[in-house]
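Given next are the chains, with one letter for each unit.
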Amino acid sequence: MNKPLPREARTPKPSGAITYTANTGANVFPSAVMSDKAFVRVLNGELVIFQEFINDDKVAVSVGGRDRVLPRAEWRSLPVYQG
Amino acid sequence: MPEQDNTPQEAAVPVPLPQTTALVLSTLAELHRQETGAEEDVFRTLPFFGTALGLVIAALVYAGGRLPRLPDLATNRAVIAFAVASTLAGLAAAEAVCVILLLFRAVTLRPYQRLGPEQSLRDRVTALQAYYEGLGTPSGGRDNEVTQDMQHALIESYAKVTPINRAFNARRYRWRYLAAINLLGSLLLAVVATIVIFGADKLGFLPKVVP
């Protein structure tokens, strides 16, 4: 049996999800008109995906895969995803 | 309609329940596989759209060939038949263009999420081995600990990426749905235009087209 390292010598236990982004699809028209970029934004490091306009004030989005409702102004203020 | 999400975002750290962990892991892996396969669904339906658009184009070519020139319209009936048929054919053509634009939207590039890459998974195993070695865990029990930790890391990864991919797929399906609606509209308009021209031609409303 190995002798345990002293606590201060130990590295933290590795944890968390192991993921990466794979841009898949056809980049036929990379212009703002045909691109879906404006519909994917970033909030606190998570992807925010536009779903639909609910009314003049609210937008349905998916934040990190969870359904959320954001004020339109907040949605517009989010930076567009640059993948 | 999505509701405001006020639930806590962080899940509790799972306790080691081998059978439950294996069940959850296999279920999440299957859900992830389904979403990954669904990414290609829109591409698989492109030949169907192409075939249907071919029918629309054929109908429009027929309509265009049968419609007389404007100066040849001598009667009011001929003018009305011409106006109705050409309007229907024009709308069918416009909807066909919409179908193509909507399909471009459906297949456009999106930042889908994936597990890995493989080297990162391997690096995590190595890091966990080093961690348990540092703890002094016997080599026999180390494999069990690393396996459990990797299972939890994979569960966390699946839980993170699958809903995002599902949201992207929902958008893809939304664009494809709109394309399908426009396609059906285009088909209907083209068929009606063809019927109008055919009927008007048989009733003698339209003058004979001189090639």
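Going by the structure above, here's the rest.
Residues numbered from 1 in each chain as written. Chains lettered and ligands numbered in written order. Predicted model: local features only at pLDDT ≥ 70, side-chain atom pairs only at ≥ 80, totals over all residues.

Here we look at the overall build of chain A
- Of regular secondary structure, chain A possesses 1 helix and 5 strands.
- When the helices and strands of chain A are placed in sequence order, the string is β-β-β-β-β-α.
- Counting across all 83 residues of chain A, residues that qualify as buried make up 14%.
- Partitioning the contacts of chain A with sequence separation of at least 6, the portion at a separation of at least 24 is 29%. (Helix = DSSP H or I, 4+ residues; strand = E, 2+ residues; numbered from the N terminus. Buried ≥ 20, exposed ≤ 12 C-beta atoms within 10 Å, placed from the backbone. Contact = placed C-beta atoms within 7 Å.)

Section: the overall build of chain B
- Helix and strand counts for chain B stand at 6 helices and 1 strand.
- Starting at the N terminus and ending at the C terminus, chain B contains elements arranged as α-α-α-α-β-α-α.
- Since a compact globule built from 211 residues should have a radius of gyration of about 17 Å, the 30 Å found for chain B marks it as more spread out than a globular shape.
- On the principal axes, the C-alpha backbone points of chain B span a range of 100 × 35 × 25 Å. (Rg over C-alpha atoms; globule rule 2.2 N^0.38 Å.)

Some thoughts on the packing of helix 5 (residues 118-135) of chain B against helix 6 (residues 139-202) of chain B
All names here are of chain B.
- Two elements in contact, helix 5 and helix 6, have axes whose closest approach is 10 Å; the angle formed by their N-to-C orientations is 135°. Comparing the axis directions of helix 5 and helix 6 gives the class oblique. Between helix 5 and helix 6 lies a crossing of right-handed hand. Counted together, Arg124, Val125, Leu128, Gln129, Tyr132 and Glu133 of helix 5 and Arg142, Glu145, Val146, Asp149, Met150 and Ala153 of helix 6 form the full contact between these two elements. (Axes fitted to C-alpha atoms, helices over the stretch in contact; angles between N-to-C directions. Parallel < 35°, antiparallel > 145°, perpendicular 65-115°, else oblique. Left-handed = near helix turned anticlockwise from the far one by under 90°.)

Digging into unusual backbone geometry
- Looking along the chain, the bond that leaves Gly116 of chain B and enters Pro117 of chain B is cis, with omega of 5°.
- Structurally, Pro117 of chain B can be placed in the loop between strand 1 (110-115) and helix 5.
- Residue Asn44 of chain A is not a glycine yet carries a positive backbone phi of 50°.
- In this fold, Asn44 of chain A is placed in the loop between strand 2 (40-43) and strand 3 (46-53).
- On the neighbour-count criterion, Asn44 of chain A (8 C-beta atoms within 10 Å) is exposed.

Comments concerning the interface of chain B and chain A
- Counting from both sides, the interface comprises 41 residues of chain B and, opposite them, 43 residues of chain A.
- Mapped by element, the contributors of at least two residues to the side of chain B that touches chain A are helix 4 (76-106), strand 1, helix 5 and helix 6 of chain B.
- At 12 residues, the largest contribution of residues to the side of chain B that touches chain A is made by helix 6 of chain B.
- Of the residues that constitute the side of chain B that touches chain A, the class distribution is 21 nonpolar, 9 polar and 11 charged. (Nonpolar A, V, L, I, M, F, W, Y, C, P; charged D, E, K, R; others polar.)

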